[in-house]
Structure formats: structure tokens, C-alpha cells
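Topology and contacts: notes
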Amino acid sequence: MKRTPTVITGTVGMDAHVIGTKVLSRALREAGFKVVELGMQVTADEFIRVAQETKADAILMSSLYGMAEQDLKDFNQKRLEAGLKDVLLYIGGNLVIGRADFKEVEKKFKALGFDRVYPPETDPEVGIADLIRDLKARGKM
Amino acid sequence: MTDIQLLIDFGSTFTKVVAVDLERVEVLATSRVPSTVATDVTIGLEEALSRLSHNVRITDDVKSRALACSSAAGGLRIVCIGFVTELTSKAANLAALGAGGKVVAGYSYKLSDREIAEVESLAPDIVLLAGGTDGGDEETIIHNARKLARTCDAVKHIIVAGNKTAYDEIARVFSGTPKHVIYSRNVMPEIGVLDVAPCREEIRRIFMQNIVEAKGIAKARSLIRDIIMPTPSAVLEAAGLIARALGEVMVIDPGGATTDVHSIARGNPSRPDVIFTGLPEPYEKRTVEGDLGLKYNLDRLLELAKERLPVEFPKIAGSMTEGIPQTPEELFSRRQLARLMVEVATERHAGRLEAVYTPAGERLIQHGKDLTGVKSVIGTGGPIVFADRPREVLEGAAYSEARPFILKPREPRFYLDTEYILFAVGLLARSSPGKALELAQKYLKPI
């Protein structure tokens, strides 16, 4: 029997918009995941430490306040340093300040190491379906 | 007939005995003699008892009911091993300190050969092995268990308190080795959840059953009932009892080599606009500052004084004596240093606020325990008790406008343990909690 996949949720940096990550956490739980819910204002370092200790399969970050790029500037190097190259990284929300072409935003965050990037108001089901597909592809489900 | 209870502390320097009349809840007599752990612990004990017998009739029956704690032979030396430094390693550390242990080294992540050699040369009384939340990382704790299984005889007692999913494999790793391995509950079963109490009990049990024997203190068992806990654990037990009756409390115990701080308090944010972050800390928390000692760490203490008390420093350094301070200058110097120890030790123990600036304005984040609401602060140990103005020393534990982000007690009442009664209260706390509390209330002096 395979282990129940463990995922970490939370808003990154100083962002306090907690509703999205709460809705997502509940949907993930209902879909059978083990959810480590860190809530709001989680630092990049905390995501890394918690992922190490819980052997998480994925980190799902939310950010609505436009500062995610600054918050996650060196996140990818840190997580590689921490031995977390196999952890799936998803992020969703208003990731940059002002209007921006989502394609550009997606490109930017993929370059920061994220596997999937979502625009605001994405349904949790969309992300969860992707997550299941990605985990199955990696033999983790 | 009076009901006399003897309570003993085998310290590394002194063996202390308190004789209590349990019926009237009164201290009948106390005595203090140099410890004789290196040769035969019973010699010092007999000497202390014979001194007591000038004032109290000590029958064999009274002796056989005596209870003791001990911090002799270096105290209860524990090595803590966890996975992530700020998570399970910190949790293991909190558990070991809360059990009255002395953490001689702490390690994180997978141990290297060099680190494991270090552990062997430290020859700790107990190794506390944590790592991984339940269902979380198994690799690190199993790796570290494999390394520990191959250590020499200097590593004997191992408490496993990590990811329970790894326990079957760890049991296989240790099977056939001469290690004494105890499996306790995970000190951090989930992120943000600390469960140190079961591990603390295991540490205490090993202390009673095995360590006391190894340290040559067990011989005392031929004279008295038992040595039931490490001394710091007795102090924490006393503090816990006092808190149940009087509300949240802190105990400050500066000494020759270290300064202990205990807080029995929830520590939740006292202001609604403050957000808590980081690992929650235990309700009964103990910290030990290894660099704050009036005798063995005097050099470092003077360095600190130079930095924090630039005006007073020349006067302090100029009149610091090795012996008992007598002149007003010597007393001043000793008092200032003792206060500094109390101030710094409680600063490190207490939680703190951090202001962060966000697009939505300033926000306050709390790390550690908010102790601003703590009602009572108790001072024990020579540097406070023998100070010329003990209240001034102890006030170092209180909130200061000069450091507004450090969450120390705002308006506590101060008490002094002039009779060295705290360890005795702790020893009595489980068998006679009511009397133990009465004793504390009677003999802790408000100042």
C-alpha cells in the first residue's frame, strides 16, 4: 500500500489572505490527502523546514498581494540545498503587481522552480486533478 | 508523635537535607555538607543527618522514608538528536531540559562519522533520538539509529521519540546490539504540536533505574527510600505545583556555572493584534544558559557586563572577588553581575515580538512564550539568595521599557527561596501535593 500523499499549504511571505488556502486545504483533505496547513504568512524557510520534517510530496502556496516574486526569490536554491528536489511546487494567486500577461507570470514562476502556476480564482478541483496526475506520474500514488 | 519527612538533594558541591514536620508543615531543620559522591555518597549523607540530629530525632524509620533528588556527577547528561534544527531537534532539546537533563550536545540531520565519534567521547547518560513527524521523514532517524547501533559502550541508553512509522525498522536496527532502547511517543507528532511529557517520564524512569546506579549515588538507597528525580526536575515539579494554586509562575536559578529559568505559563499572545509563529513551546518550560555562571563562566560574564553595563563596568571589574563579597564595592559588583545573569537568562527564555512591515501596514509577530502576564517570580540559588539586595537582582526578570519587544512579566510579585525549599517541595509534590504547596507558601519569602 502506498503512503497517503502529504501536502503543505499556506500563504507565502507577509500575505494574510487566508481564505483561498483554507478552501484549498479542505478540498485536499476531502480528496484524501494528508494536509499540513500552515495558514497565513509562512516564510519560504518555514515551507522548506516543514517539507523536510514531514517528507511532503508537494507544497501548494497561495499569494494574493503581489509580492510573491520577491518572497520566493531564492526559494529554489534553498529547497535544492535542503534536499527537496522531488517535492512538487504549485503556486496560485495574484503573483505580481499590476496587470500582467498570465503566460509571462507562469514563465517567471516556472523559472523559480514551480511545477505549476495558477491564475487567481482557479477552482481547487483543477489543481487537485493536476496534483493527482503529477503524483501518479512520479509513482507516488 | 510527629511525622517527619527528610528531603535530600545530592548536589555536585553540597548535599542538602531538609527535615519537614508533615503534620504541622514546618521546616524543623536543614543542613548542608560537602558532597562525597566521588568516594562514597553515604559518608556525606550520614554527616548531614548527624548534624540534623542535634535538632531533630531521626529514627531509622524516618530515614527509610527519605526522598532524594540528585544533580551530582555532572547531572543527567543528555545528547539530543533530531532532523531539522528548528523543529524536531528543538523539540528534543525542550523535552530533555524539561526532564531536568543537561543537554551536552545537540545534532541535526544525518549524523556523520565524526559527529558520532563526538557522541561516543561525550559518553552521555542518555541519547534522545528524534526526527520526522509521524508519517513524515523516516530516512534521517533510521540513518542515525544505524550509526548509534554501532557505537561503543559509552552510548548505552537510547530513547527513541521520533516518527513512529520508522520504529519497526529502528527496532530491527538495534536488535542484537547491547543498547538499552526505549520507545516513547514522538516529541513532535505533527508540525506545530509538541508532545514532550511521555518522553520526559521515560527520561526520569531511566534516571531512577539506571543512571543513579552508574553515578555511585545508588548506595544511598541502602539508607533512604529512593532517589526519585534529577534536581532540576524537582524544581520544575515545585514550580508546576505552585502554578496550579497561584497562577502562572517563573523560577530563576542562577548558579556558579549555569543559570536555569523555568516558566509555567501558557504563553499565548496577550494582545489580539499579535500573530504567533514558529514552534509552540511547552507549558512547563525550562532553559539552561550554559554561559551564565558567576564562578566557572566569570570571564564571559564580565565580557557581557562590559557590553551591557558600560558605565558600571569599571567599578564591577575592579571589585570582583573570588571569595565571599564583604565590602560595599564587592557586594555591588556581585549584585550587578547576578542581576545581569537574571536579565539575560530570562531574555533568552521569554518570547519576543517582531515588527514586520507589510503592504497592509505594520504587523507584530510573536516568537516563543508571552510571559507578560506571569504573576509570580521566584528566585533561588546563591547569587540571588545571598545578594545584599535580592529584590534588585530578581527584578532583572521583569519587563523592561528599554527592551519593549521582550515578553517578560510586567507586574509580578517577587519571592525568595531563602530556605532552599524548592527542591523539597518538588520531591513532595506527587505524594503530598497539599502539604508541599503549604510548605512553599510558608517558606517562600515575598520581597
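The notes below deal with the structure included here. Keep in mind that what you see is a predicted model, and the values were worked out from it rather than measured.

Rules used in this analysis
Residues numbered from 1 in each chain as written. Chains lettered and ligands numbered in written order. Predicted model: local features only at pLDDT ≥ 70, side-chain atom pairs only at ≥ 80, totals over all residues. Buried ≥ 20, exposed ≤ 12 C-beta atoms within 10 Å, placed from the backbone. Helix = DSSP H or I, 4+ residues; strand = E, 2+ residues; numbered from the N terminus. Pairing = 2+ DSSP bridges. Right-handed = clockwise from strand over helix to strand, strands pointing away. Expected span 1.5 Å × (residues − 1). Contact = placed C-beta atoms within 7 Å. Nonpolar A, V, L, I, M, F, W, Y, C, P; charged D, E, K, R; others polar.

Now for the pairing of strand S7 (residues 126-129) of chain B. Residue and element names in this part refer to chain B. Neither face of S7 is left uncovered, since the one carrying Ile126 and Leu128 and the one carrying Val127 and Leu129 both have all their residues buried. By the bridge criterion, four bridges tie strand S5 (residues 77-81) to S7 in an arrangement that is parallel. Bridge pairing in S7 links Val79 to Val127. Sheet analysis places S7 next to strand S8 (residues 157-160), joined by four bridges and oriented parallel. The residue of S8 that forms the bridge with Val127 is Ile158. Handedness of the crossover is the feature at issue here: the chain leaves S7, passes through helix H5 (residues 139-149), returns alongside S8, and the resulting connection is right-handed.

This paragraph deals with helix H8 (residues 231-246) of chain B. Three- or four-residue spacings in an α-helix give side chains the same orientation, since the helix completes a turn every 3.6 residues. Residue and element names in this part refer to chain B. Taking 1.5 Å of rise per residue, 16 residues should cover 22 Å, and H8 covers 22 Å from first to last C-alpha, within 8% of that figure. The buried fraction of H8 is high, at 12 of 16 residues. Of all the residues in H8, the buried ones are Thr231, Pro232, Ser233, Ala234, Val235, Leu236, Glu237, Ala238, Ala239, Leu241, Ile242 and Ala243. Backbone geometry just after H8 places Gly247 at a positive phi near 95°.

Taken together, the contact between chain B and chain A spans 16 residues of the former and 13 residues of the latter. Among the secondary structure elements, those contributing two or more residues to the side of chain B that touches chain A are helix H3 (85-98) and strand S15 (352-358) of chain B. Its residues placed into classes, the side of chain B that touches chain A shows eight nonpolar, six polar and two charged.

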